[in-house]
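Architecture at a glance
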Amino acid sequence: MKKYTHRSCWLMVLFAGLFFVLILPASKASGQTDPASNVNPEITAGITEAVNAFNASKFSESLQILANLYQKHKELAPPRIVMAQWFAKAEFGDAVRATLEMATEETPEDPEAYLLLGEIAIRQRHLTAGELLLQKAREKLTRYTVNPERKKIMESSYLRNMVILSEARNRWTAMEDAINKKIQLDGESPVLLRQKGVAFFQQQKDNEAKALFVRADRLEANAEQKGLPADAAMSQLYLLRGDRNNARKSLADALAKNPKSKEVLLLSIQMNLHDDKVEEAQRLLQKLLAEDPKSEAVKRLRATIALYLNDYAGAERLFQEMVTADPNDHQAVNGLALALCEQNNRDKLRRAAEYAQNNTARFPDNSEYAGTLGWVLLKDNQTEEATQALRQSAASGQVSAAVAYYFASLARQTGKTDEAKKLLEAAVSSTSPFAKRRDAVKLLRELNR
């Protein structure tokens, strides 16, 4: 049986406090400002007793206490709902769904179990099941009258999940409708405005979408945590549409208006890498370092750009720091192997092979890591083994631009010039960034002479 730490007990008590605020009806007495004074003392005592039993892993006892309380106070959430939420807080994932399933049997007219089961299904991408559960919840909600405040919370949850479902189903008008209803219920928020902007953009209402993103920015002008600025958000949507010209223009506008935004700088660096403007990416990286010098994500980006600029010693140092800090950081291991194998050093080439082989053994279905192993082996003139690794990389049917370059280098070494040209053409025509793009362009020119 899982034992609870002091922290997990504290979480339970905190959750019980949230329980009071969220699902109990407001007191009709006037002039009361203390939230605790709005709670029936019998309910307070019962919830406290149930929490203590739960923290002691006496789940049946906790459930019985909640059930007794619910019999007297139907305005509360049903006992299984409360238990499911507590199980979720305690990270008892398997118990959550089972408890919710029992809730639909024990309190079949209460909407919340259907809502929560629907949300779980949607988040697991079981969209049809999620939609049917939400429809059931909607039916129950229309008949629920016991606690108006709780009903409002459940209606808000229903609409939030309908927004998520509609976006997943590409039902943009339905998404817009759900957002409008949620705004009516809960009021405007930057999150809702940005979601509505996405729905508008997908309906080809670009100007209206931009206006909503700008409005969201203004709403959180003084907030400590802010969303992606309007122009940057538009840039990402244009990328999804395949409109790279407008994506570049919008991102340039975002950078001009938000020159110190870490998010905008990061997106701008990525855009420049896609466009093979590595030196510009490096320049922006220096600005990003000034804003966020200790970020692991920025260090990873520094190491990646070092690979692009053939600064293999610099890339090795940065990737080695990441691997030393976390030997299970397989992406850093992959980068370290790539940096080591390029330095014309037998010891480093041996280490590169070890790193690449270990990564491939741990992640046999990862085509990128198999491709790296193939490249390392090719650098070591192990042609037969390199061929096998590259074929493993291509087994999924999708050959990345980097792997196409590796295959082209192998084909050239084995005298298959025409095959090498075709592979290089495929690599350089790809819109995906890869460290060997400039080498691929150079080799293709040589072969076409």
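Reading guide: rules and limits
Residues numbered from 1 in each chain as written. Predicted model: local features only at pLDDT ≥ 70, side-chain atom pairs only at ≥ 80, totals over all residues. Heavy atoms only, no water. pLDDT = per-residue confidence, 0-100. Contact = heavy atoms within 4.5 Å. Helix = DSSP H or I, 4+ residues; strand = E, 2+ residues; numbered from the N terminus. Buried < 20%, exposed > 50% of the residue type's maximum accessible area, 1.4 Å probe, protein only. Core = buried A, V, L, I, M, F, W, Y, C linked by side-chain atoms within 4.5 Å. Expected span 1.5 Å × (residues − 1). Salt bridge = Lys/Arg side-chain N within 4 Å of Asp/Glu carboxyl O. Phe/Tyr/Trp six-rings, centres within 6.5 Å; stacked < 30°, edge-to-face > 60°. Lys NZ or Arg CZ within 6 Å of the ring centre and 35° of its normal.

1. Describing the confidence of the model for the protein chain
Scored by pLDDT, the protein chain has a mean of 90; 91% of the residues are at 70 or more. Low confidence marks residues 1-37, where pLDDT is under 50. Its contacts with residues over four positions away, or in another chain, come to 54 contacts.

2. Side note on the side chain of H73
Position of H73 among the secondary structure elements: in the loop between α3 (59-72) and α4 (79-89). Taking relative accessible area as the criterion, H73 reaches 9% and is therefore assigned buried.

3. Brief notes about the nonpolar core
Of all hydrophobic cores here, the largest spans 48 residues; its most connected members are F319, Y405, Y406 and L424. Apart from residues lying up to four places away in sequence, L424 is in contact with Y405, A408, A440, L443, L444 and L447.

4. Focus on helix α6 (residues 112-123)
For α6, built from twelve residues, the straight-helix expectation of 16 Å at 1.5 Å per residue is met to within 8% by its first-to-last C-alpha distance of 16 Å. Most of α6 sits out of view: nine of its twelve residues are buried. Looking only at α6, the buried set comprises E112, A113, Y114, L115, L117, G118, E119, A121 and I122. Residues of α6 that are buried in the fold lie against α4, α5 (93-106), α7 (127-143) and α8 (148-168). At the exit of α6 stands R125, carrying a positive phi of roughly 65°.

5. Notes on the pattern of salt bridges
In the structure shown here, the tally under the stated rule is 38 salt bridges. Among the ionic pairs, D439 bridges to K436, the shortest N-O distance being 3.3 Å. Classification of K436 by relative accessible area gives buried; the value is 10%. One network of salt bridges, in which partners are shared, links E296, K299, R317 and E321.

6. Quick notes on the environment of V376
Mapped onto the fold, V376 is located in helix α20 (residues 367-379). What makes V376 buried here is its relative accessible area of 1%. Counting along the chain gives 306 residues from V376 to Y70, while the straight-line C-alpha distance between them is 66 Å.

7. Overview of the packing of aromatic side chains
Inspection of every chain in the model, using the stated rule, returns eleven aromatic pairs. Residues F59 and F87 carry aromatic rings whose centres are separated by 5.1 Å and whose planes lie at 70° to one another, so their mutual orientation is edge-to-face. Of the two residues, F59 is situated in helix α3 and F87 in helix α4; the sequence distance between them amounts to 28 residues. Judged by its relative accessible area of 16%, F59 falls in the buried class. Both rings, one in F59 and one in F92, keep their centres 6.0 Å apart while their planes meet at 85°; by these two values the pair is edge-to-face. With F59 in helix α3 and F92 in the loop between α4 and α5, this pair connects stretches of sequence that are 33 residues apart. On the basis of relative accessibility, which here comes to 17%, the residue F92 falls in the buried class. Ring pairing ties together the aromatic residues F54, F59, W86, F87 and F92, which thus form one cluster. Cation over ring: K205 sits above F200, and NZ or CZ is 4.9 Å from the ring centre.

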